[in-house]
Amino acid sequence: MISDIQKFSLHDGPGIRTVVFLKGCNMRCPWCHNPESIACEKTLEFLSLKCISCGSCVRVCPTGALRIDREGLHLDRALCNGCGACAEVCPTHALSMVGRRMSVDEVFRIIVSDKQYYDNSAGGVTISGGEPLIQPRFTASLLQKCQEGGIDTAIESNLCVPQQVLESIVPYLDRVYCDLKLFDDTSHRRVTGVSNQPVLDNIRYVSRLGIPITVRTPIIPGFTDTEENIRSIAAFLASMPIHTYELLPYNPFAAQKHLDIGVPYGITSDRTSRLTMDILQSVAASEGAPVVVSKEKE
Amino acid sequence: MVHTVSMNKEKLPYNRWIARLREDKIRETQKKLKQFGYMDEDDYNILAPPDGYNWRPAPNHSNGDFHGYSAWASNYAEMIASFPPVVVPYSSMAGNTYKVLHKFRKVRWNPDYGFSDYMDDIERYDIDHGIGQVHHFCGDVHIGLELGWGGLLEKIQKFGSRSNLDAETREFYAAEESLVRTIIGWVRCTSTEIMRRLEQEQDPEVKENLNGMLLANTAVEMNAPQTFREACQFVCWYNLAGRSYNREGAGGQLDHLLYPYYAADIKVGRIDDEDAVFYLAGVLLSDTKYYQLCGPGENGKDLINRVSWLVLEAADRLNLTANITVRWHDGLDREFFKHAVQLLFKHKNAWPRFSGDKSLVSGFTSLGFSEELARKRIAVGCNWMAIPGVEYGLNDSIKVNLAKIFEVAFFEMVNESSPSTKLLWEKFIKHLSRALDVVFKTTDFHLQTNRYNSPELFLNLFCYGPIEKGRDASDHSLDYYNIAVDAAGIAVAADSFAAIEQRVEKEGSVTWIQLVNALRCNFSSPVAKKHRALLQTAEKYGQFESLGLRWAKRISHTFSDLVVAGQSAEGARFIPGLFSWSKTIAFGERVGATPDGRKAGEPINHGANPMPKSVKSGEMTTLSEAIAAVQCRRGNTAAFQMELDPSITESEGGVEKVMALLQTHFEQGGTLVNVNIVDADTIRKAHANPDLYPDLVVRVTGFTAYFSNLSPGFRQLVVDRLVEAK
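Reading the values: rules and limits
- Residues numbered from 1 in each chain as written.
- Chains lettered and ligands numbered in written order.
- Predicted model: local features only at pLDDT ≥ 70, side-chain atom pairs only at ≥ 80, totals over all residues.
- Heavy atoms only, no water.
- Helix = DSSP H or I, 4+ residues; strand = E, 2+ residues; numbered from the N terminus.
- Rg over C-alpha atoms; globule rule 2.2 N^0.38 Å.
- Contact = heavy atoms within 4.5 Å.
- Areas by Shrake-Rupley, 256 points an atom, 1.4 Å probe, with all protein chains shown as cover.
- Lys, Arg positive; Asp, Glu negative; His and termini not counted.
- Charge placed at Lys NZ, Arg CZ, Asp CG, Glu CD.
- Expected span 1.5 Å × (residues − 1).
- Buried < 20%, exposed > 50% of the residue type's maximum accessible area, 1.4 Å probe, protein only.
- Buried area = accessible area lost by both parts, 1.4 Å probe.
- Salt bridge = Lys/Arg side-chain N within 4 Å of Asp/Glu carboxyl O.
- Nonpolar A, V, L, I, M, F, W, Y, C, P; charged D, E, K, R; others polar.
- Pairing = 2+ DSSP bridges.
- Axes fitted to C-alpha atoms, helices over the stretch in contact; angles between N-to-C directions.
- Phe/Tyr/Trp six-rings, centres within 6.5 Å; stacked < 30°, edge-to-face > 60°.
- Lys NZ or Arg CZ within 6 Å of the ring centre and 35° of its normal.

Topic: the overall build of chain A
- Each helix and strand counted, chain A has 11 helices and 12 strands in total.
- A compact globule built from 298 residues would reach a C-alpha radius of gyration of about 19 Å, and chain A, at 20 Å, matches this within 12%.
- A principal-axis box enclosing the C-alpha atoms of chain A has dimensions of 60 × 45 × 35 Å.
- Taking as baseline every contact in chain A between residues at least 6 positions apart, the subset at least 24 positions apart corresponds to 69%.
- Surface summary for chain A: the accessible area is close to 12,700 Å², and the carbon and sulfur share equals 51%.
- Side chains of chain A carry 29 positive and 33 negative charges; the gap between the two charge centres is 4 Å.

Have a look at this one:
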């Protein structure tokens, strides 16, 4: 299940890349920037600005989840059964179902159409999500096809899967980007819903294999932005040959996305300050990690 | 070759002076804005005339206008005499101009030569025809650099003194002689002004500069330039004279033109790179001419030389508008290519731009021309290529509005019993062919009669043939008459075909009657709004493997074939391209609502680009592939207007990514890329308060312009394009 394919991505690995966003994630980070990719099944997205209140959706909705009044269209997600009938008739795509089933060949055809750009820029493909490793067979087949086609491959993953899952993927990987949010396992379980033990084990595993790995920590106010957290992660990473440790400043752009798919957004803070980033960078550097602050915003 | 410019010697304060010239230019632009109002075209770097300036040309026709050789020559002489000479003591180059003679004209054609037979179709199809269009081909500055103004005068006298010349030819030579004498007088008058300024000047450094300026300017009053500074000064006069005559704006291969002078001066130690940069800054300030840098020479080897780097260095230090095109090909020096993109990133002022040698050459040779000739065809205009001195083109002059053709075809079809895209296509081809036939015939008419209207007295001097044969460039005196015919509105037409095929024929979600009703009410009724939404969300040109792309390719390639097959009684050849210049608003105003969901009067798409909002945000590769796919492939361009979000400049390896994007576009058949890198918030703020952003430069179409000088409607278009890129 694919949620999106983004061509000409400039920030998900070297060169010009195509990013394939798979649907479904095994973590529940409250700040998630791709909340439409969390659920494994299709998700109804409602972009109210696109709605012209034509009423087509109301007429086909089998559960009465949609109604129109003077203020426009209202969607009651409690009544919605996710059948997608409304999205099919919506003329403006204000209502749309995020997620479509695509075969490896279908996705590859889109990826390979930009091969010349990858070749001229040392770019390639990045499989992201959601979490690409919870669709391991698809991910492995797609990466294998890309690699056989001479396309540089990368994944953006939380690596929170059993090692044997990762073992089926790594033969086809040229580089790995891994999110490590919290070092303390209790905090990690509380915030993301799962343990970070597989993440730590798999970071060690990938680095041992010599595959270039970049580890990223999104600096989320009130969650991951403590010196203790960054120091612990940096110390852990300093003990192995990782490529880069990136700190990603937070911004609140994802709030609207959560609203569009009816998922509560758990962050109330504004952007991470430059000062905070500088302090955390120096903390990580003092532990010997090859740290950089990303210009991209988490 | 390293591109750093040496600064190890005690020099005049060039950088301070360049900075001051930049400030002067920004102030002058604002002054012009207040004096003349908005202008949706290039700024040309001409000056605002002094207060009280009121010269007007003398008419020689009852319509109050002037036509023909003598009237153009005499009015030009009087106009130039009305200009106070311009000397800026801290500039490297002397001279500037205030007015363009061509712009004084009330109408663009001599009514004694009527073409009313064509007017019905011209209006019906909203054709921008070629009758009365001027310049838009390229002189060869080499001719002037070799002869100087004095040599040009002798050449005119030599050919004009032949016996048995008819009255028309004698008038031609007399007008040419008058023009050259006018220019010589202008240069001399400016020398006198330099002397006057020298006498007054107290600052020893400025005095030294004025002395150098005087020497160079005096040297080129009559003689061919010998030094680099003299050659630059001659190029400035070439620029100013051509611009003030009829807005002529094609520069040439500047690095190649000036290198011999540079190399000779360097060899004898007359100048160093700092001097050269200062002189080149003066050339760039004299006019916003289109110059090409690099590209393969006749033998295929790149023409890059030290002057190529120094031109970029001068533009870098000035940081104003610059119409510099770097020609990309396999042999382009990669460091130079990188430096050019770095400058785009550094200033975000939309220069340089890039042309693609591969497709331009293969397209032109497909018409039977040699590769050597194709390589001489360089980027010297908004969207156009020309071979300096030998090719007449009417480039960027003739435009066929495909949106209008579609509208005519559509409403003719819906009156028939069984509408279909098949029938619509047949109608579209029928009307397109008819419109093109008008283009071909009106071009012939222009070539037969334009010399009686607006002769090319200036460019005739710098072409091979006119002076020798005693005939205007528009009158068969050049080697090649390759007339450019551009299509505008390809996305409106393609998306309309696609929307009908998808929503009406395949899905049936909109019926033919509903479509016609929606168009007739301009999507104003509630039901029409819904149908508009369906039409708008059909597969558009610019999207990956879309119906719109398929239709765009079909339209472009059919248009191309029809243009190439065009017949001319005057021996011209027609070459297709896709371009709308700054007429996206004007063309759109004259087309009603279209089946792609565009409302009546809204702008058409820009050049070869899809309609705004068609392409998923940021998907440059898909956009690039689409524009490469719709190229006409005959040696003229379908420019890619590339709007990039400034975040790319912060992306790791951003320069290399843009280089790869440009390279791949050219490898896939692209011909010309104009790049804007402007922050969406900045452009919004500048739109709201243009006065606060006097130095914000954007590439509007092929030309760069000061954003604050554009009309609000045009600014909005630019805002829409740039904001979409975010």
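Some points on helix 2 (residues 69-82) of chain B
All names here are of chain B.
- The terminal C-alpha atoms of helix 2 lie 20 Å apart, and with 14 residues this matches the ideal 20 Å at 1.5 Å per residue to within 8%.
- Turning to helix 2, its buried residues are Tyr-69, Ala-71, Trp-72, Ala-73, Asn-75, Tyr-76, Met-79 and Ile-80.
- On its buried side, helix 2 packs onto helix 5 (167-200), helix 7 (228-246) and helix 16 (457-460).

What about the interface of chain A and chain B?
- Across the boundary between the two partners, chain A contributes 26 residues, which contact 29 residues of chain B.
- Interface area, chain A with chain B, both sides summed: about 2,300 Å², of which 55% is carbon and sulfur.
- Sorting the residues of chain A by area buried against chain B places Phe-8, Tyr-117 and Asn-120 of chain A first, and these three jointly supply 29% of that buried surface.
- At the junction of chain A with chain B, the criterion picks out two salt bridges.
- We note a salt bridge from Glu-545 of chain B to Arg-109 of chain A, for which the minimum N-O separation is 2.3 Å.
- Every element with two or more residues in the side of chain A that touches chain B is listed here: strand 1 (2-9), helix 1 (56-60), helix 3 (104-112) and helix 4 (115-121) of chain A.
- Among the elements that take part in the side of chain A that touches chain B, strand 1 of chain A stands out by supplying five residues, more than any other.
- Residue classes in the side of chain A that touches chain B are distributed as nine nonpolar, 11 polar and six charged.

Considerations on the pairing of strand 1 of chain A
Residues and elements named next belong to chain A.
- Taken across its eight residues, strand 1 has six buried, putting it largely inside the fold.
- When strand 1 meets strand 2 (residues 17-22), the two strands line up antiparallel, connected through five bridges. Across the sheet, Asp-4 pairs through a bridge with Phe-21, a residue of strand 2.

Some words on the sheet that holds strand 1 of chain A
Residues and elements named next belong to chain A.
- Here we have eight strands laid out as an open sheet, ordered 1-2-7-8-9-10-11-12, and mixed in their pairing. Of all strands in the sheet, those bounded by a partner on one side alone are strand 1 and strand 12 (291-293). Taken pair by pair, the neighbouring strands of this sheet meet at an average axis angle of 20°, ignoring direction.
- Across four bridges, the pairing between strand 7 (residues 124-128) and strand 8 (residues 152-157) is parallel. Counterpart to Ile-127 in the pairing with strand 8 is Ile-155.

Quick word on the packing of helix 14 (residues 402-414) of chain B against helix 18 (residues 490-506) of chain B
Residue and element names in this part refer to chain B.
- Contact geometry for helix 14 and helix 18: axes closest at 7 Å, N-to-C directions at 35°. Two secondary-structure elements touch here, helix 14 through Leu-402, Ala-403, Phe-406 and Phe-410 and helix 18 through Ile-490, Val-492, Ala-493, Ser-496, Phe-497 and Ile-500.
- Its residues assigned to classes, the contact of helix 14 with helix 18 comprises nine nonpolar, one polar and no charged.

Points about the packing of aromatic side chains
- Taken as a whole, this structure holds 45 aromatic pairs over all chains when the rule is applied.
- Relative to Tyr-481 of chain B, the ring of Tyr-392 of chain B has its centre 5.3 Å away and its plane inclined at 35°; by these criteria the two rings are tilted. Note that Tyr-392 of chain B is positioned in strand 7 (residues 391-392) and Tyr-481 of chain B in strand 9 (residues 480-488), a separation of 89 residues in sequence.
- The buried category is assigned to Tyr-392 of chain B, whose relative accessible area is 0%.
- Taking relative accessible area as the criterion, Tyr-481 of chain B reaches 9% and is therefore assigned buried.
- The structure contains a cluster of three or more aromatic residues connected by ring pairs, namely Phe-406, Phe-410, Phe-411, Trp-425, Phe-428, Phe-497, Trp-512 and Trp-551 of chain B.
- One cation-aromatic arrangement involves Lys-145 of chain A over Phe-108 of chain A; the distance from NZ or CZ to the ring centre is 5.3 Å.
- One cation-aromatic arrangement involves Arg-554 of chain B over Trp-425 of chain B; the distance from NZ or CZ to the ring centre is 4.2 Å.

Description of unusual backbone geometry
- Note that the residue after Gly-129 of chain A, namely Gly-130 of chain A, is joined by a cis bond; omega there is 15°.
- With an omega of -5°, the peptide bond running from Trp-351 of chain B to Pro-352 of chain B counts as cis.
- For Pro-352 of chain B, the position within the fold is in the loop between helix 11 (334-347) and strand 4 (353-356).
- A positive phi angle, near 40°, is found at His-135 of chain B, a position not held by glycine.

Any link to function would need more than the numbers given here.
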